[in-house]
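# Structure at a glance
Here are the chains, one letter per residue:
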Amino acid sequence: DTSHAYTEITTGLPTDTPSHIAMHRSRMWLLYMSSLLYSDVGNPAGFTDWPALSGEIALKANGTAITPTVGGSLASFARNQVTLLDGTGSESTLKSENLTDHGNRIGAYSRTVEQMGGRTLFLDDQGVTELRAVQAHGDFRDATISGAVYPTILNKRGTATTSCVVRGKNQYRLFYSDGTGLIFSMHSDKLLGVTKMSFPIVVHKAWSGEDSNGDELILFGSTDGFIYQMESGNSFDGANISASLVTSFTPCRFPRTVKRFKRAWFDIAGTGPTTLNAKPLFKLDGSPALDPVTLGINSSTSYLGQAILAQAILGAQQIQEGRIDMPGSCDYIAMQITSATNAGVPWELDGLGYEFDLGKPRR
């Protein structure tokens, strides 16, 4: 199959080691230190006769990433600079004048730039930033989407190793050299939340794409020399996956009234049985802390938002219900949910309700 033939391409540079590559508007683009190299239109092999059949644009600093954007421009990044290149169609030669500065004090760390739908996300010293937010807010921290975890971003500055997107979950994932990482979950134009994670190994270089069946495939290499598949199986290469979730404290609509709690109900989306530990957290009451309670979720299910039309279930989500008894009195309550298993199915908390009686008003 000649359409998948392997062809070596040389650039003609004294040291032929470009750091980044991109395809944009029928050209091959390479990043080498502070040079942005491009091939002739439709002829990536033109690099072999550089610069007769290719060209070079000088950047103001050593580049860290290049990527096409949804707006039709090619974005190039340095540690403290973002530039956009337009006019990359049929022109035979391109110059530095085609570059537009997009930020002089904001830039990207290498291996952290990702395309997610119509968004270009990257890590800067101030946090995870969206390219179009720089247009609205300039070089300030208002352009970031990671304000809620800014202390973590600041503490781990300079240690990011790689990033990837998980399209099936609308997530941008960022990894660090100590095995930890951050998950940014999106919905439309909004950030839903940020989750901290920890791998037993260092995610050194990640790649996301599709397999031959069109299913999402995410691979990453680690410092142990192995290649791993993310979002596959129920364990970390056989080791337990530990998860912890703590809800916000809530007054249950009565902030200045003591509540005597009876039990908590959980709606959990899952495809099979799983076992979780739940522990209520009391605030402003003096009730002693309770030990974690096992919350067993079996395989029996019901449907939430069910409507039946010609025997087809519409708008339904499979849910599983569980409860725990939790005697205690307080003004505010939160719930801690944990699990540690290498055999359970993935789960998702969709609802949490409390049963309680109202006590005396707080004076």
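Note that the structure is predicted; figures quoted are calculated from it, not measured.

### Let's talk about the overall build of the protein chain
- When its secondary structure is counted, the protein chain shows two helices and 28 strands.
- Across the 363 residues of the protein chain, 40% fall into the buried class.
- When contacts within the protein chain are restricted to residue pairs at least 6 apart in sequence, long-range pairs at least 24 apart make up 56% of them.
- Surface exposure of the protein chain reaches about 19600 Å², of which carbon and sulfur atoms provide 50%.

### Overview of the layout of surface pockets
- Counted as a void, the largest pocket has a volume near 1900 Å³.
- Lining the largest pocket are 47 residues; nearest its centre among them are Lys-169, Arg-173, Ile-183, Ile-241 and Ala-243.
- Considering every element that reaches the lining of the largest pocket, the biggest residue donor is strand β15 (residues 190–198), with seven residues.
- Taken together, the residues that form the lining of the largest pocket break down as 21 nonpolar, 20 polar and six charged.
- Approximately 540 Å³ is the volume attributed to the second largest pocket.
- Lining of the second largest pocket is provided by 23 residues; of these, Ile-21, Ile-66, Val-113, Glu-114 and Lys-205 occupy positions nearest its centre.

### Some remarks on the pattern of salt bridges
- Scanning all chains against the criterion turns up nine salt bridges.
- Residue Asp-125 pairs with Arg-157 through a salt bridge whose shortest N-O separation is 3.9 Å. Note that Asp-125 is positioned in the loop between β10 (119–124) and β11 (127–130) and Arg-157 in the loop between α2 (150–155) and β12 (160–166), a separation of 32 residues in sequence.
- A residue is classified by how much of its surface remains accessible, and Asp-125, at 18% relative accessible area, is buried.
- The residue Glu-231 makes a salt bridge to Arg-173 at a minimum N-O spacing of 2.9 Å. With Glu-231 in the loop between β18 (227–230) and β19 (241–246) and Arg-173 in strand β13 (residues 171–176), this residue pair connects regions lying 58 residues apart in the sequence.
- One salt-bridge network, held together by shared partners, links Arg-79, Asp-125 and Arg-157.

### Details of the pairing of strand β3 (residues 35–39)
- In terms of burial, β3 is largely enclosed, as five of its five residues are buried.
- Residues Ser-35, Leu-37 and Ser-39 point to one face of β3 and Leu-36 and Tyr-38 to the other, with burial holding for every one of them.
- Judged from the four bridges that link them, strand β2 (residues 27–32) and β3 form a sheet pairing that is antiparallel. Looking at β3, one finds that Tyr-32 is bridged to Ser-35.
- The antiparallel hairpin formed by β2 and β3 contains two residues in its connecting segment, where Met-33 sits at a positive phi of about 55°.

### Quick notes on the packing of aromatic side chains
- Inspection of the entire model under this criterion finds ten aromatic pairs.
- Note on Trp-29 and Tyr-38: the rings are 5.3 Å apart at their centroids and 40° apart in plane angle, and the pair reads as tilted. Each member of the pair, Trp-29 as well as Tyr-38, carries the same accessibility label: buried.
- Taking the centre distance of 6.0 Å and the plane angle of 55° together, the rings of Tyr-172 and Phe-184 count as tilted. Of this pair, Tyr-172 sits in strand β13 while Phe-184 sits in strand β14 (residues 180–187), and the two are twelve residues apart along the sequence.

### Overview of the sheet that holds β14
- Strands sit in the order β12-β13-β14-β15 across an open sheet of four strands; the sheet is antiparallel. Unpaired on one side and paired on the other, β12 and β15 mark the two borders of the sheet. Across the sheet, the mean angle from the axis of one strand to that of its neighbour is 15°, orientation sign disregarded.
- Bridge count between β12 and β13: six bridges; the pairing is antiparallel. Pairing of Val-166 across the sheet is with Gln-171, part of β13.

### Describing the confidence of the model for the protein chain
- Summing up the model confidence of the protein chain, the mean pLDDT is 79 and the portion of residues at 70 or higher is 79%.
- Here strand β25 (residues 312–314) is the element of the protein chain with the lowest mean pLDDT, 37, and β13 is the one with the highest, 95.
- Ignoring residues within four places in sequence, the model shows residues 298–319, a span with pLDDT below 50, making 37 contacts including any to other chains.

About the criteria used
- Every residue gets a number counted from 1 within its own chain, in the order that chain's sequence is written.
- Residue-level local features of this predicted model are given only where pLDDT is at least 70; pairs of side-chain atoms are given and counted only at 80 or more, and the full residue set underlies all totals for whole chains, interfaces and linings.
- Only heavy atoms go into the side-chain values, all of them from the structure, while hydrogens and water stay out.
- Only DSSP runs of H or I with at least four residues qualify as helices, and only runs of E with at least two residues qualify as strands; both kinds are numbered from the N terminus onward.
- Accessibility here uses a 1.4 Å probe with only protein chains present; expressed as a share of the type maximum, an area under 20% marks a residue as buried, one over 50% as exposed, and anything in between as partly exposed.
- Any two residues whose heavy atoms approach within 4.5 Å at even a single point are treated as in contact.
- A 1.4 Å probe and the Shrake-Rupley method give the accessible areas. Residues count as covered only by the protein chains that appear here.
- Using protein atoms alone on a 1 Å grid, points that fit a 1.4 Å probe yet trap it form a cavity, whereas open point sets bounded by protein on both sides within 12 Å along at least five of seven lines form a pocket; residues with an atom within 4 Å of a point count as lining.
- Grid points are joined across faces, edges and corners, and a volume is the space filled by probe spheres set on the points.
- Residue classes follow a fixed rule: Ala, Val, Leu, Ile, Met, Phe, Trp, Tyr, Cys and Pro count as nonpolar, while Asp, Glu, Lys and Arg count as charged, and any other residue, Gly among them, counts as polar.
- Only one rule defines a salt bridge in this text: a Lys or Arg side-chain nitrogen within 4 Å of an Asp or Glu carboxyl oxygen.
- Two strands qualify as a pair provided that DSSP identifies no fewer than 2 bridges between them.
- Stacked, edge-to-face and tilted are the three classes for Phe, Tyr and Trp ring pairs, Trp counted by its six-membered ring, which pair at centre distances within 6.5 Å; planes under 30 degrees apart are stacked, over 60 edge-to-face, the rest tilted.
- To obtain an axis, a line is fitted to C-alpha atoms, over the contacting stretch when the element is a helix, and the angle between two such axes runs from 0 to 180 degrees between their N-to-C directions.
- What pLDDT reports is the predictor's confidence in each residue, on a scale of 0 through 100.

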